[in-house]
Amino acid sequence: MINEYFILLIIVILAFFMPLLLQRTNIPAVVGEIVAGMMVGFIFFIIYQLTGETFLGEYPSVDFLAHIGFIFLMFLSGLELDFVRIESQGRKKQLRGVIVFVMTLLIAFPLVTLLNNLTGGGMETLFVTIVLATTALAVVLTVVREMALNRSPWGQELIVNAVIADVAAMILLTIYAIGVDVTGSDDILFPLLAVSMFIAILVFFIVIYRLGNWAMWYFPGTLRRFFRSDDPHELGVRASLMIIFTFVAISSVIDSKALTVLGAFLAGAAISMLFRDSLLLGQKLNGIGYGFLIPVFFITIGINFQFADVLNMATLILLPGLVIITAVAKIVPFLLLSSGCARRDLTQGVLMTGGLTLMIAGAEIGKDLGVLDASSYGLLILLAVVLAVITPTLFRYLFTRFRLAEQEGCL
Amino acid sequence: MRMLIVGGGRLGQELMKSNPRSVVIEAKPRRLEILREMFGDDRVIEGPWEEAHFDDGRIETVVIATHDDDRNIEIAVAAKERGIPGIVVKVKDPARIPEIKELGIEDAICPHQFAAKAIRASLVPRSKDLIEIPIFPDSPHIGKSIEELGFGLDAIIVGVVRNGSILRAEGLVIEKADHLLVVSIGGRSKELQKTVVRKESRLKPFERITTLIIEENDLNVTLSESLYLARIIGAEVDMVFADPSLVPRAEDMATISGVTYAVRVVGSLDIDELPAAAIVEGRDPGCIALSASPRYRERRVFRRWRLYRMLKEIQGPILICKRRHPYYNILNIIDDHPDSPPVTELAFKLGFQLRSKLRVLRYCYLDPRGQERLVDNLVRLYGVSCRTDAVEGNPTIEFISEITSGDLDLTVVNWESPSITHDILGRTIMEGPSSVLIMRSPRNVLMP
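Note on numbering: residues in each chain are counted from 1, in written sequence order. Lettering of chains starts at A and numbering of ligands starts at 1, both following the order in which they are written. Restriction of local features to residues with pLDDT of at least 70 applies here, the model being predicted, together with a cutoff of 80 or more for giving and counting side-chain atom pairs; totals for whole chains, interfaces and linings are based on all residues. Excluded from the side-chain calculation are hydrogens and water; included are all heavy atoms of the structure.

Draft legend 1. Layout of the overall build of chain A. Helix and strand labels come from DSSP, where a helix needs a run of H or I of at least four residues and a strand needs a run of E of at least two; each type is numbered from the N terminus. Within chain A, the secondary structure is distributed over 18 helices and zero strands. The C-alpha radius of gyration of chain A comes to 21 Å, within 12% of the 22 Å expected for a compact globule of 411 residues. Each residue's exposure class comes from its accessible area (1.4 Å probe, protein chains only) as a fraction of the maximum for that residue type: buried when under 20%, exposed when over 50%, partly exposed otherwise. For chain A, buried positions account for 55% of its 411 residues. In chain A, the proportion of contacts linking residues at least 24 apart, taken out of those at least 6 apart, comes to 81%. On chain A, roughly 18000 Å² of surface is accessible, and the fraction owed to carbon and sulfur atoms is 67%. Just so you know, the count uses Lys and Arg for positive and Asp and Glu for negative, and it drops His and the chain ends. A single reference atom marks each charge: NZ on Lys, CZ on Arg, CG on Asp, CD on Glu. Within chain A, the 27 negative side-chain charges are centred at a point lying 15 Å from the centre of the 23 positive side-chain charges. Note that the radius of gyration is over C-alpha atoms, with the globule rule given as 2.2 Å times the number of residues to the power 0.38. Note on contacts: a residue pair qualifies if any of its non-hydrogen atoms lie within 4.5 Å across the two residues. Using a 1.4 Å probe, the Shrake-Rupley method yields the accessible areas, and only the shown protein chains count as cover for residues.

So, in structure tokens, the structure goes:
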């Protein structure tokens with residue numbers, strides 16, 4: 001069996017080389033990391049098939065790092081929320097985002113149920129519907145920035161819609177998970193405890209925001225240190241970690257992964273809401289997260305990917321089915337709520353299809369809750385990877401093909 | 001004309017000489033003796049001054065010229081109360097002149113100022129000035145040739161600074177953001193500057209200040225600050241009253257300041273009716289001025305949505321007064337928001353008109369060099385003293401550090417600025433020491 005440090009070495013080598021290999025493509029680095037991990041896992045799978053020997057064992061330290069990586073990923077997703085943009089879009093646009101999300105759920109749910117019945121699969125349809133409704137905010141942000149759309153009203157709308165879908169999906173996933181925990185528990189006090197913890201996290205979010213505002217006003221000199229590049233104690237990073245783990249610790253009281261995810265996400269959101277445009281602090285936290293912990297999480301997912309559970313006919317039929325359902329559920333609402341430019345709406349729907357981070361988070365939560373079996377879990381991971389590869393490329397293609405940048409009134 | 005002079009010092013004596021119908025009051029025995037020798041017993045009254053001296057109904061003018069400024073002001077107030085038509089007060093400290101004018105006494109003089117003026121005047125014929133006159137983006141001179149400006153024989157345009165280089169003036173057509181280099185003799189520089197720059201009607205940040213006066217305290221805070229601003233930028237003041245009994249005092253203050261004003265009484269000025277009260281059909285309310293009174297805190301006037309509604313309905317700036325005028329130091333933060341540069345330019349316009357110093361924080365990640373150039377252009381264009389830094393850390397915290405330092409008199413902010421959360425803006429309004437001017441979607445953009 002391979003030593004724990006060698007596994008870590010494999011992970012950091014892959015983490016280092018994958019972005020270099022992918023730099024000429026438009027594929028998100030995250031996808032590269034998962035695929036690289038899958039390749040390693042696949043090699044061990046083949047070796048196992050050929051020799052019957054298992055090289056991979058249990059690696060609690062790596063799993064722990066991957067779990068912290070997951071928490072960091074959710075935290076950084078929360079940190080990416082741009083509240084200024086959401087506020088400046090006005091209520092109409094915000095409401096439109098919510099309506100799009102609700103319509104996505106309404107379209108996806110019957111289609112997922114139909115597919116599930118046709119394939120005789122054992123998918124938990126409601127849960128899968130919520131997971132399909134997520135959006136890859138990080139991918140949207142990257143694409144919008146790369147294509148210099150972030151200053152155009154349309155670019156802003158794209159980001160706001162993605163943010164609303166992300167936040168709404170996160171809340172629904174948590175509520176669903178608590179629901180499952182509560183119905184599955186024999187303890188009479190558990191529902192009360194679960195709901196209290198959910199409320200405690202929301203209250204803590206408000207407390208952090210209020211306290212932060214107060215501290216900013218009365219102690220700007222001290223808080224200034226949080227954002228300086230030359231602070232030897234990196235107080236900003238320490239304060240952020242303190243906030244993250246307070247949220248995570250509160251949510252771990254009932255041992256619910258969904259609540260932990262929500263906690264980490266809200267920690268990021270609280271910091272983003274308090275300290276608008278904190279590039280330097282964001283860079284430092286990204287350094288810890290995307291530099292080490294998050295690749296560990298994604299590569300571990302790839303390595304632990306159970307090919308045996310996914311490589312069967314039923315699952316392989318489900319994958320294209322889910323891709324089509326996700327695309328339909330994401331694109332149709334934009335077309336129905338047409339803004340007068342169908343090509344633009346179609347292009348927007350394409351970019352919104354697929355929720356890389358949250359889809360994987362959803363899969364993790366589902367696996368933890370027991371609502372997803374190994375094959376459904378693997379299927380969702382594959383789906384996230386496939387969509388993350390297809391959608392940005394297709395978006396770029398359609399954007400150029402439809403000449404959206406040149407069409408007046410479209411942007 | 002019978003003139004009563006209080007104080008028989010050198011000034012008093014000179015006045016006595018020139019006006020045979022004048023009478024002097026003097027308290028010092030030695031000086032009293034001299035005065036009696038010079039002007040005779042019947043033109044000299046033994047002091048100290050007391051109110052009874054004003055009982056003589058024949059007095060048309062009183063000149064107060066003792067050596068004590070406080071005493072002079074006290075006597076002037078008494079004379080004003082007695083209704084003496086002509087009151088002239090001498091003060092040693094020129095800084096007290098505005099205070100006297102606020103009391104409704106127009107003629108306050110400082111002999112030192114007069115002396116300095118005379119000395120300057122005596123030096124003027126020999127002086128030569130080289131001045132730089134900016135051409136603002138809406139200047140009526142744009143497109144004209146240099147020769148068309150016609151300064152006369154005692155001034156000549158020797159060159160034009162354009163895009164960082166100096167060009168010969170002959171035959172040039174004036175463009176926006178040009179700086180004319182003018183050599184003049186005989187102290188004409190100020191006058192020339194006025195003839196070119198004063199034509200900039202749109203240099204005014206706003207045409208009108210609508211001042212909301214709800215209680216007595218607003219006279220000293222909101223109205224006083226609005227009148228100061230209006231007087232300098234040449235705007236009108238619309239006074240909107242909740243309490244009609246405050247109208248006469250406000251009118252007195254407006255008359256003294258020389259600002260064109262209009263009065264409107266709207267009965268009860270409920271907080272929810274603020275925007276409506278400010279707007280009169282077909283009349284641009286300009287800038288809405290109101291105080292940051294604790295009463296508003298109780299009634300949550302400066303809550304985000306209320307301010308937002310006001311800014312949306314009025315479509316103009318809102319000035320929250322703290323009685324910080326004159327505005328010596330103005331703060332502004334410029335960031336990536338598209339409305340940010342016009343708001344910064346407004347701060348420069350104010351700085352230009354009010355002769356204030358500007359502090360501009362720059363926070364930009366899209367085009368930091370472009371933003372730096374923009375601020376440099378504004379500094380060059382408006383010729384305002386400006387300290388500017390790029391923010392390295394968090395813009396909100398840097399903004400708060402500046403605000404809470406207490407050195408600022410006015411903060412000019414863009415409502416949509418991503419760098420300032422509306423909670424922090426709320427605190428800046430309620431707890432910050434400086435007055436705050438909030439802008440949303442500024443119009444009349446004059447970017448160079």
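Draft legend 2. Looking closely at the interface of chain A and chain B. Across the contact, 25 residues belong to chain A and 26 residues belong to chain B. Buried area is understood as the total, over both parts, of accessible area removed when two parts are fitted together, assessed with a 1.4 Å probe. Between chain A and chain B, roughly 2400 Å² of surface is buried when both sides are summed, and carbon and sulfur atoms account for 53% of that area. Salt bridges are identified by distance alone: a Lys or Arg side-chain nitrogen within 4 Å of an Asp or Glu carboxyl oxygen. The tally of links between chain A and chain B comes to one salt bridge. Ionic pairing is found between B:Glu398 and A:Arg224, a salt bridge with its closest N-O pair at 2.9 Å. In the analysis that follows, any N or O atom pair within 3.5 Å is treated as a polar contact, provided that within protein one partner can donate a hydrogen and the other can accept it, and provided that, for residues neighboring in sequence, both atoms belong to side chains. Linking chain A with chain B are four residue pairs in polar contact (both at pLDDT 80 or more). Elements with a contribution of two residues or more to the side of chain A that touches chain B: α4 (83-88), α9 (190-218), α10 (220-224), α12 (257-274) and α13 (279-303) of chain A.

Draft legend 3. Region of the structure containing the packing of aromatic side chains. Residues and elements named next belong to chain A. The criterion for an aromatic pair is that two Phe, Tyr or Trp rings (for Trp, the six-membered ring) have centres within 6.5 Å, with stacked assigned to planes under 30 degrees apart, edge-to-face to planes over 60 apart and tilted to the rest. Going through the model one piece at a time under the given rule, you end up with 19 aromatic pairs over all chains. Measuring from centroid to centroid gives 6.4 Å for Phe 226 and Phe 227, while their planes differ by 35°, and the two rings are tilted. An aromatic cluster of at least three residues, connected via ring pairs, comprises Phe 42, Phe 45, Phe 305 and Phe 307. Lysine NZ or arginine CZ positioned within 6 Å of the ring centre and within 35 degrees of the ring normal marks a charge as sitting over the ring. Its guanidinium or amino end placed over the ring of Tyr 377, Lys 367 lies 4.3 Å from that ring's centre, counting from NZ or CZ.

Draft legend 4. Molecular detail of the sheet that holds strand β6 (residues 107-109) of chain B. Residue and element names in this part refer to chain B. Strands sit in the order β3-β2-β1-β4-β5-β6 across an open sheet of six strands; the sheet is parallel. Each edge of the open sheet is held by one strand with a lone partner, namely β3 (44-46) and β6. Between one strand axis and the next, the sheet turns through 20° on average, direction left out of account. DSSP calls a pair of strands paired once it identifies at least 2 bridges connecting them. Bridge count between strand β5 (residues 86-90) and β6: three bridges; the pairing is parallel. Bridge pairing in β6 places Val 88 opposite Asp 107. To get an axis, a line is fitted to the C-alpha atoms, and for a helix only the part in contact is used. The angle between two axes follows their N-to-C directions and goes from 0 to 180 degrees. Packing against the sheet, helix α1 (residues 10-18) makes contact with β1 (2-6), β2 (22-26), β4 (59-64) and β5, and its axis sits at approximately 160° to β2. Together, β1, β4 and β5 form the strand contacts of helix α3 (residues 69-81), whose direction differs from that of β5 by roughly 175°.

Draft legend 5. Quick look at empty space enclosed by the protein. Residues and elements named next belong to chain A. As defined here, a cavity is a set of points on a 1 Å grid over the protein atoms alone where a 1.4 Å probe fits but cannot get out. A pocket is an open set with protein on both sides within 12 Å along at least five of seven lines, and residues line them when an atom is within 4 Å of a point. Grid points are joined across faces, edges and corners, and a volume is the space filled by probe spheres set on the points. Summed over all chains, the structure comprises four cavities of 30 Å³ or more. Space inside the largest cavity adds up to approximately 80 Å³. Secondary-structure elements contributing two or more residues to the lining of the largest cavity are α5 (90-119), α8 (153-184) and α15 (313-336). Ranked by residues supplied to the lining of the largest cavity, first place goes to α5 with four residues. Taken together, the residues of the lining of the largest cavity sort by class into six nonpolar, four polar and one charged. Along its surface, the second largest cavity is lined by Met 74, Ser 77, Glu 80, Leu 137, Ala 138, Asp 166, Thr 357 and Leu 358. Secondary-structure elements contributing two or more residues to the lining of the second largest cavity are α3 (60-79), α7 (137-146) and α17 (356-369). Residues that form the lining of the second largest cavity fall into these classes: four nonpolar, two polar and two charged. For this scheme, ten residues count as nonpolar: Ala, Val, Leu, Ile, Met, Phe, Trp, Tyr, Cys and Pro. Four count as charged, namely Asp, Glu, Lys and Arg, and the remainder, Gly too, count as polar.

Draft legend 6. Quick peek at the packing of α8(A) against α12(A). Residue and element names in this part refer to chain A. Relative to each other, α8 and α12 sit at 150°, their axes nearing to 8 Å. By the angle between their axes, α8 is roughly antiparallel relative to α12. Relative to α12, α8 is oriented so that their crossing is left-handed. In contact with Val 167, Met 170, Leu 173, Thr 174, Ala 177 and Ile 178 of α8, α12 contributes Ala 258, Leu 259, Val 261, Leu 262 and Phe 265. Split into classes, the residues belonging to the contact of α8 with α12 amount to 10 nonpolar, one polar and no charged. By the definition adopted for this analysis, an angle is roughly parallel if under 35 degrees, roughly antiparallel if over 145, roughly perpendicular if from 65 to 115, and oblique otherwise. Throughout, a crossing is termed right-handed when the near helix is turned clockwise from the far one, and left-handed when it is turned anticlockwise from it by less than a right angle.

Draft legend 7. Local environment of helix α15 (residues 395-404) of chain B. Residues and elements named next belong to chain B. Counting buried positions along α15 yields nine of 10 residues, so the element is predominantly enclosed. Looking only at α15, the buried set comprises Pro 395, Thr 396, Ile 397, Glu 398, Phe 399, Ile 400, Ser 401, Glu 402 and Ile 403. Residue Asn 394 occupies the N-cap position of α15, its side-chain oxygen lying 3.0 Å from the main-chain nitrogen of Thr 396. In the segment just after α15, Gly 406 is the residue with positive phi, at about 85°.

Draft legend 8. Structural context of the pairing of strand β20 (residues 435-439) of chain B. All names here are of chain B. Counting buried residues along β20, five of its five residues qualify, which places the element largely inside the surrounding structure. Along β20, one buried face is formed by Ser 435, Leu 437 and Met 439 and the opposite face, lined by Val 436 and Ile 438, is buried too. Of the pairings in the sheet, the one linking strand β15 (residues 318-321) to β20 comprises three bridges and is antiparallel in character. By the bridge assignment for β20, Ile 320 is matched with Val 436. Strand direction decides the pairing type here: strand β19 (residues 410-414) and β20, joined by five bridges, are parallel. Each residue of the ladder has a partner; that of Val 413, found in β20, is Ile 438. By convention, a crossover is right-handed whenever its connection, traced from the first strand over the helix to the second and viewed with the strands pointing away, goes clockwise. At this point the chain moves from β19, through helix α16 (residues 422-430), to the parallel β20, and the crossover so formed is right-handed.

Draft legend 9. Structural detail: unusual backbone geometry. Note the cis peptide between B:His325 and B:Pro326, where omega equals -5°. The phi torsion at A:Glu234 lies on the positive side, around 50°, for a residue other than glycine. Relative to the elements of secondary structure, A:Glu234 occurs in the loop between α10 and α11 (235-251). With a relative accessible area of 30%, A:Glu234 lands in the partly exposed category. Unusually for a residue other than glycine, B:Arg323 sits at a positive phi of about 60°. Overall, the relative accessible area of 46% leaves B:Arg323 in the partly exposed class.

Draft legend 10. Representation of the environment of A:Pro333 in the model. Residue and element names in this part refer to chain A. Following the sequence through the fold, Pro 333 ends up in helix α15. Residue classification places Pro 333 among the buried positions, given a relative accessible area of 0%. Residues Pro 333 and Gly 349, 16 residues apart in the sequence, show an inter-C-alpha distance of 8.1 Å. Residues contacting Pro 333, with those up to four places away along its chain left out, are Val 100, Met 103, Thr 104, Ile 107 and Val 328.

Draft legend 11. Looking closely at the pattern of salt bridges. As enumerated under the stated definition, the model contains 21 salt bridges over all chains in all. Through salt bridges with shared partners, a single ionic network connects A:Arg96, A:Glu157 and A:Arg344.

Without other data, these values stay purely geometric and don't point to any function.
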